[in-house]
Amino acid sequence: MLRRLTIIMLAAVITVGFAETRGSLAAPAEAVPATPPSSSQPIATGANSKECVGSDFATLGKIYDSIFDSFLPYLPPQVKKDKDKIKAQTHRDMDRLRISNMLVSNHPSQLGAQRGDAIMKYRDPISLYVVSQLLNVRHGKQFQAITVENLTLAQAVETVWLLIYTTVIIPLTVVLSAVPNIAPIWGPINVRFLITLPFYVGMYGARYLYQFISSALVNSCLVSMTKEERDRAGKPIKDLRFSGSVPKLIEDIAGQVDLADQKGCEPIGNQPMSRIVDRTTRYLTDTNKDPATRAAIAGIARDVENRMRNTWVPVNLIPADPADYNQIEGLISLLGGYVSPDIPITIGDNSFGIATGGAPLDIVIGLVHNITTGENMGKQVRLWDLPVTKSMTAAYYTMYFSIYVAQVVYANALPIALPGVANLVPRPFGLFYAPLNFGFNAYHNVLRSMCFAEDKKVEAAVA
């Protein structure tokens, strides 16, 4: 079923893009020809008024009708004659294909995010899926079923990209990083560079293509839909559920978080470390009924609090997170990490090379970013008051630099241990970078995209 769903979603995405390029041949039957300024534009009035909507409301069923009608003038006479039967049969097939909400990822706008909310900036396919599922569990929708007919194009795009990201891009990144530095040609250029360059360019281009397509489709006029159709778009079948259970830990987490916004529900990443310690202490105390254990937890919490209150951190000497780089900084980081000539160092009779790209370059970029944005580089805060995202960024650079140092040691020790064949040995460090770049960063993005649910309640009460 999942394979059939993937094929249908891919076909829908490709067909929509192809149909847009053929707009001069035939306009969609219900779409408005003029390009609207937003993803939703009224085109009629009255009880059955319709609006031209983007991919966050346009369902695969409506898109199929629009594309079919667009190409109808160019189809064989027999197809034109049986068009109603063909469309009806296709809709029945799409309605019979039903999948669990747990397999669907949502665009931030479908989760209720507004422009400027943290999730619009700090997201990747994995974090977006995690946020979608935590919200599903929170609202009791985790095992509800949704038909392919009613699946929105935005859901299809995000889900397909998640599949590509997890089954192609991540494994390919690990494999490419294992290619040894064989046959030097000139400076940092070698056969490895020539072999892997097309793949890296392709993956880099795929990410930007996805971002462009995702944003463009949401803000486009694709099909016209009534209010009833819009309200139903992307929603699961009301009384149909798949069987299954969610681990208690996940339910507890989902019950404590909600989507961060700009109205007062600050992201968890913006919260001070003190709040995390307080919440963790409360949780451990509430879940342990033994008086001795509760007393021990309270004692440890007081010790941790005392240490954090008396530990000062130069907050702006923590480099800026790569997610906050501007385009130029991001490009320098990308190129520097890929084309990084070694600095030769000689100690006695031994010569070593230290790569200039990777962690050292990103640390310099992050510090320069802090300086150029006007941060006070001498500012210090107590660890108790340090924002969560700053602590996560510090942990990221610590792990990043540790892997880099191990990589430098490995690269210089291997020729000594295996003279003559060192350049033929696969490099293992992709296995270390992958959890950092695709796991740790996804977790960080979740913390930057979600807030504590009690803050949302306070926000609602004030409103």
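Residues numbered from 1 in each chain as written. Predicted model: local features only at pLDDT ≥ 70, side-chain atom pairs only at ≥ 80, totals over all residues. Heavy atoms only, no water.

(A) Spatial organisation of the overall build of the protein chain. On a plain count of helices and strands, the protein chain comes out with 17 helices and 13 strands. Sorting the 463 residues of the protein chain into buried and exposed places 41% on the buried side. Contacts in the protein chain between residues far apart in sequence, at least 24 positions, make up 81% of those at least 6 positions apart. In the structure as shown, the protein chain presents an accessible area of about 24800 Å², 63% of it carried by carbon and sulfur atoms. (Helix = DSSP H or I, 4+ residues; strand = E, 2+ residues; numbered from the N terminus. Buried < 20%, exposed > 50% of the residue type's maximum accessible area, 1.4 Å probe, protein only. Contact = heavy atoms within 4.5 Å. Areas by Shrake-Rupley, 256 points an atom, 1.4 Å probe, with all protein chains shown as cover.)

(B) Up close: the layout of surface pockets. Volume-wise, the second largest pocket comes out at about 1000 Å³. Elements represented by at least two residues in the lining of the second largest pocket include exactly helix H6 (125-138), helix H8 (191-218), strand E8 (257-259) and helix H17 (453-462). With 3 residues, H6 is the single largest residue contributor to the lining of the second largest pocket. Per-class residue counts for the lining of the second largest pocket are 12 nonpolar, 18 polar and 12 charged. (1 Å grid on protein atoms, 1.4 Å probe; cavity = no way out; pocket = protein on both sides within 12 Å on 5 of 7 lines; lining within 4 Å. Points joined across faces, edges and corners; volume = space filled by probe spheres on them. Nonpolar A, V, L, I, M, F, W, Y, C, P; charged D, E, K, R; others polar.)

(C) The state of the cysteines, seen in detail. If you walk through the whole model with that rule in mind, you get 2 disulfides. The disulfide partner of Cys 265 is Cys 451, and the gap between their sulfur atoms is 1.9 Å. Because the torsion about its S-S bond is 80 degrees, the bridge between Cys 265 and Cys 451 counts as right-handed. Placement of the pair is Cys 265 in the loop between E8 and helix H11 (273-287) and Cys 451 in strand E13 (residues 450-452), with a sequence separation of 186 residues. Summarising the burial analysis for this pair, Cys 265 and Cys 451 share the class buried. (Disulfide = S-S within 2.5 Å.)

(D) Up close: the confidence of the model for the protein chain. Of all residues in the protein chain, 84% have pLDDT values of 70 or greater, and the mean over the chain is 82. In this model residues 1-40 is a low-confidence stretch, pLDDT under 50, and it forms 66 contacts with partners more than four residues away in sequence or in other chains. (pLDDT = per-residue confidence, 0-100.)

(E) Layout of the pairing of strand E7 (residues 223-226). Neither face of E7 is exposed, since Val 223 and Met 225 on one face and Ser 224 and Thr 226 on the opposite face are all buried. Strand direction decides the pairing type here: strand E2 (residues 50-53) and E7, joined by 4 bridges, are antiparallel. Opposite Val 53, over in E7, you have Val 223 as the bridge partner. (Pairing = 2+ DSSP bridges.)

(F) A look at the side chain of Thr 393. When you line up the elements, Thr 393 lands in helix H15 (residues 388-417). Setting aside residues no more than four positions away along its own chain, Thr 393 makes contact with Ile 318, Pro 319, Ala 320, Asp 321 and His 444.

(G) A look at the pattern of salt bridges. Inspection of the entire model under this criterion finds 19 salt bridges. Among the salt bridges present, the one from Lys 83 reaches Asp 84, with a minimum N-O distance of 3.2 Å. Residue classification places Lys 83 among the partly exposed residues on the basis of a relative accessible area of 28%. Residue Asp 84 is classed as exposed on the basis of its relative accessible area, which comes to 53%. (Salt bridge = Lys/Arg side-chain N within 4 Å of Asp/Glu carboxyl O.)

(H) Molecular detail of the environment of His 139. Structurally, His 139 can be placed in the loop between H6 and strand E4 (145-147). On the basis of relative accessible area, His 139 is assigned to the partly exposed category, the value being 48%.

(I) Representation of the packing of H6 against helix H7 (residues 153-177) within the structure. Look at H6 against H7: their axes get within 9 Å of each other, and the N-to-C directions meet at 130 degrees. Judged by the angle between their axes, H6 and H7 are oblique. Between H6 and H7 lies a crossing whose hand is left-handed. In contact with Pro 125, Ile 126, Leu 128 and Tyr 129 of H6, H7 contributes Glu 158, Trp 161, Leu 162, Tyr 165, Thr 166 and Ile 170. Of the residues in the contact of H6 with H7, the class split is 8 nonpolar, 1 polar and 1 charged. (Axes fitted to C-alpha atoms, helices over the stretch in contact; angles between N-to-C directions. Parallel < 35°, antiparallel > 145°, perpendicular 65-115°, else oblique. Left-handed = near helix turned anticlockwise from the far one by under 90°.)

(J) Molecular detail of the packing of H7 against helix H16 (residues 430-449). In contact at an axis separation of 8 Å, H7 and H16 are set at 140 degrees when each is read in the N-to-C sense. The orientation of H7 with respect to H16, classified from their angle, is oblique. The interaxial crossing formed by H7 with H16 has right-handed handedness. Residues Tyr 165, Ile 170, Thr 173, Val 174 and Ser 177 of H7 form the contact with H16, whose participating residues are Gly 430, Leu 431, Ala 434 and Phe 438. Partitioning the contact of H7 with H16 into residue classes produces 6 nonpolar, 3 polar and no charged.

(K) Representation of a nonpolar patch on the surface within the structure. A surface patch of nonpolar side chains, amounting to about 410 Å² of accessible area, comprises Leu 249, Ile 250, Ile 253, Tyr 283 and Leu 284. If you list the elements that add at least two residues to the nonpolar patch, you get helix H10 (248-256) and H11. (Patch = residues over 30% accessible without salt bridge, like charges linked within 9 Å, V, L, I, M, F, W, Y side chains within 5 Å.)

(L) Seen up close, the side chain of His 107. Residue placement: His 107 occurs in the loop between strand E3 (98-100) and helix H5 (118-121). Non-local contacts of His 107, meaning those with residues more than four positions away in its chain, are made with Arg 123, Ala 154, Glu 158, Ser 214 and Val 218.

(M) Summary view of the packing of aromatic side chains. Overall, the coordinates contain 12 aromatic pairs when judged by the stated rule. Among the aromatic residues, ring-to-ring pairing joins Tyr 396, Tyr 397, Tyr 400, Tyr 433 and Phe 440 into one connected group. Sitting over the face of the ring of Phe 452, Arg 279 holds its NZ or CZ atom 3.9 Å from the ring centroid. (Phe/Tyr/Trp six-rings, centres within 6.5 Å; stacked < 30°, edge-to-face > 60°. Lys NZ or Arg CZ within 6 Å of the ring centre and 35° of its normal.)

(N) Up close: helix H2 (residues 60-71). If you check H2, its first and last C-alpha atoms are 16 Å apart, about what 12 residues at 1.5 Å a residue would give, namely 16 Å. Of all 12 residues in H2, 11 are buried; the element is thus mostly enclosed. Where H2 is concerned, the buried positions are Leu 60, Gly 61, Lys 62, Ile 63, Tyr 64, Asp 65, Ser 66, Ile 67, Phe 68, Ser 70 and Phe 71. (Expected span 1.5 Å × (residues − 1).)

(O) The arrangement of H6 in detail. Taking 1.5 Å as the rise per residue, H6 with 14 residues should run 20 Å; its terminal C-alpha atoms sit 20 Å apart, in good agreement. Here H6 lies mainly inside the structure; 10 of its 14 residues are buried. The distance from a side-chain oxygen at the start of H6 to the backbone nitrogen of Ile 126 is 2.9 Å, and the residue carrying that oxygen is Asp 124. Downstream of H6 by a residue or two, Gly 140 has a phi angle that is positive, lying close to 70 degrees. (Polar contact = N/O pair within 3.5 Å; in protein donor to acceptor, adjacent residues only side chain to side chain.)

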